[in-house]
Amino acid sequence: MEFTGQTAIVTGVARGFGRAIVRRLARGGARVVAGDINLPGAEETAALVKSDGGEATAFRLDVASAESVQAMVDLALSTYGNRVDILVNNAGIWKLTPTEDTSEEEWDRIVNVNLKGPFLTCRAVVPIMKRQGRGHIVNIASIAARNGGTMAGIHYVASKGGVLALTKKLGKDLGKYGIVVNGINPGTGQTEMTADWPRTTLEGIIKGTPLGRLVEPEDIADAVAFLASDAARFISGETIEVNGGLLCD
Ligand SMILES: NC(=O)c1ccc[n+]([C@@H]2O[C@H](COP(=O)([O-])OP(=O)(O)OC[C@H]3O[C@@H](n4cnc5c(N)ncnc54)[C@H](O)[C@@H]3O)[C@@H](O)[C@H]2O)c1
């Protein structure tokens, strides 16, 4: 299995893409620390991993808090062999508020989770990956960072644009330490995040998608597994589109 003996940290794991990512990495042999603000959901994900025959530990994480992030990384080190091989920044929150109605509090919360969160996790794991001389970081951004968003507010779109830039910056800076940093822009997914979108909007997206459906969590999980593996050893600072051909250039 491609991740045997490796330790992974994944954020935003209680459902959706994150749950599928944890299960995929664990199926590949990784031991996973699975962090989410929704602890019962994270525990459910860890239980699914165990029923798959894998290894995962749930952690109550607020990715916007440096203390919480550090505690998660400390748990990974103490539980799974004093190393972190893979970090997947997946936790994200979304709102569709018109710009003129967006409060500073709402802006701060979304940017803090979606953009400051990946900064905090990377800041915490980079010294460990440097000591190891290897590591893979995968950041989940969004198609909204490329097309301005179909159903997303200004805070969400700007935060995901920031994730693209953060991925480039880290890819440039960390290659010399053997650390590979890439991202994924999912198209619109079949997850709870989009569950109350109007049916007509979702149908319009499916119609415009050459491969004819929404993104499934397993599509993202398989792309993460590729970018987190040695198969992606000479790709860095890139963000790949996983959207069925809806947006390509
Ligand atoms: N679903 C889509 O259409 C879509 C499209 C493009 C990008 N994305 C991105 O993919 C990622 C996952 O999306 P999803 O659809 O699975 O979302 P989701 O809402 O189903 O899951 C997000 C998870 O993040 C967790 N979370 C929220 N705030 C957190 C915090 N402060 N600390 C830790 N965990 C927190 C939630 O509890 C939840 O389990 C997000 O970053 C999202 O922006 C989703």
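What comes next is a walk through the structure. As the structure is a computational prediction, the values presented were derived from the model and not from experiment. Each chain carries its own residue numbering, running from 1 in the direction its sequence is written. Per-residue local features are limited, in this predicted model, to residues with pLDDT of at least 70; the limit for side-chain atom pairs, both in listing and counting, is 80 or more; totals at the level of whole chains, interfaces and linings are taken over all residues. Heavy atoms from the whole structure form the basis of all side-chain values; hydrogens and water molecules are not counted.

Thoughts on empty space enclosed by the protein
Phase 1: The method works on a 1 Å grid over the protein atoms by themselves. A cavity is a set of points holding a 1.4 Å probe that cannot get out, a pocket is an open set with protein on both sides within 12 Å along at least five of seven lines, and residues with an atom within 4 Å of a point line them. Grid points are joined across faces, edges and corners, and a volume is the space filled by probe spheres set on the points. The tally for this structure, following the rule as stated, stands at 1 cavity of 30 Å³ or more.
Phase 2: For the largest cavity, the calculated volume is near 30 Å³.
Phase 3: What lines the largest cavity is simply G187, T188, I205, T209, R213, L214, V215, N243 and L246.
Phase 4: Tallied by class, residues from the lining of the largest cavity come to 4 nonpolar, 4 polar and 1 charged. Note on residue classes: Ala, Val, Leu, Ile, Met, Phe, Trp, Tyr, Cys and Pro are nonpolar, Asp, Glu, Lys and Arg are charged, and everything else, Gly too, is polar.

A few points about helix α4 (residues 104–132)
An α-helical turn contains 3.6 residues, so a residue and the one three or four places further along point in the same direction.
Phase 1: Counted at 1.5 Å a residue, the expected span for α4 with its 29 residues is 42 Å, and the 40 Å between its end C-alpha atoms agrees.
Phase 2: The angle between axes fitted to the seven-residue stretch ending at a residue and the seven-residue stretch beginning at it gives the bend at that residue. We count a stretch as a helix when DSSP gives it H or I for four or more residues in a row; a strand needs E for two or more, and each element gets its number in order from the N terminus. For α4, the principal kink sits at N112 and spans about 40°.
Phase 3: Looking one or two residues past α4, G133 carries a phi angle of roughly 75°, positive in sign. Expected helix span is computed as 1.5 Å times (number of residues minus one).

Comments concerning the nonpolar core
Phase 1: Residue types Ala, Val, Leu, Ile, Met, Phe, Trp, Tyr and Cys, when buried and joined through side-chain atoms within 4.5 Å, form a set referred to as a nonpolar core. Burial classes follow relative accessibility: with a 1.4 Å probe on protein chains only, a residue under 20% of its type's maximum area counts as buried, one over 50% as exposed, and anything between as partly exposed. Counting residues in each nonpolar core, the largest one holds 32 residues, and the members touching the most others are I21, L25, V32, V88, I184, I220 and V224.
Phase 2: Those residues in contact with V32 that sit more than four places away from it in its chain are A8, V10, V22, L25, A26, E55, A56, T57 and Y80.
Phase 3: Core analysis: the second largest hydrophobic core is formed by 29 residues, V69, V113, L120 and I128 among them. A contact between two residues is defined here by any heavy atoms of the two lying within 4.5 Å.

Considering the side chain of D85
Phase 1: Examined against the element boundaries, D85 turns out to sit in the loop between α3 (66–79) and β4 (86–89).
Phase 2: Within the structure, D85 has its side chain in polar contact with the side chain of R134 (distance 3.3 Å).
Phase 3: Apart from the residues lying within four places of it in its own chain, the contact partners of D85 are G5, Q6, T7, M129, Q132, R134, G135 and H136. Polar contact is defined as a pair of N or O atoms within 3.5 Å, subject to the rule that within protein one atom must be able to donate a hydrogen and the other to accept it, and that residues adjacent in sequence are counted only when both atoms are side-chain atoms.

Focus: the pairing of strand β2 (residues 31–36)
Phase 1: Most of β2 sits out of view: 5 of its 6 residues are buried.
Phase 2: We call two strands paired when DSSP finds no fewer than two bridges between them. As defined by bridge partners, strand β1 (residues 7–11) adjoins β2 across 5 bridges and the pair is classed as parallel. Looking across to β2, one finds that T11 is bridged to G35.
Phase 3: Here, the term right-handed applies to a crossover whose path from the first strand over the helix to the second runs clockwise when the strands point away from the viewer. Handedness of the crossover joining β1 and β2 through helix α1 (residues 16–27) is recorded here as right-handed.
Phase 4: The parallel pair β2 and strand β3 (residues 55–60) is bridged by helix α2 (residues 39–51), and the resulting crossover is right-handed.

Thoughts on the layout of surface pockets
Phase 1: What the largest pocket holds in volume is close to 870 Å³.
Phase 2: In terms of lining, the largest pocket is formed by 43 residues, of which the most central are N90, A91, G92, I93 and M193.
Phase 3: When grouped by side-chain class, the residues that make up the lining of the largest pocket number 21 nonpolar, 16 polar and 6 charged.

As for the site of the ligand
Phase 1: Around the ligand, 29 residues are found, and the nearest of them are D36, N90, Y156, G189 and T191.
Phase 2: Contact between the ligand and R109: a nitrogen atom at 3.5 Å from a side-chain N or O atom of the residue.
Phase 3: G189 is positioned such that a nitrogen or oxygen atom in its backbone is 2.6 Å from an oxygen atom of the ligand.
Phase 4: Here, Shrake-Rupley sampling with a 1.4 Å probe gives the accessible areas, and only protein chains in the shown set may cover a residue. For the ligand, whose free accessible area comes to 830 Å², the fraction covered by protein is 94%.
Phase 5: Each molecule is checked against the cavity or pocket grid, and it sits inside if more than half of its atoms lie within 2 Å of the grid points. One can see that the ligand is located within the largest pocket.
Phase 6: Here the shell around the ligand is built from residues that sort into 13 nonpolar, 10 polar and 6 charged. Think of it this way: one heavy atom of a residue within 4 Å of a molecule or strand is enough to make that residue near it.

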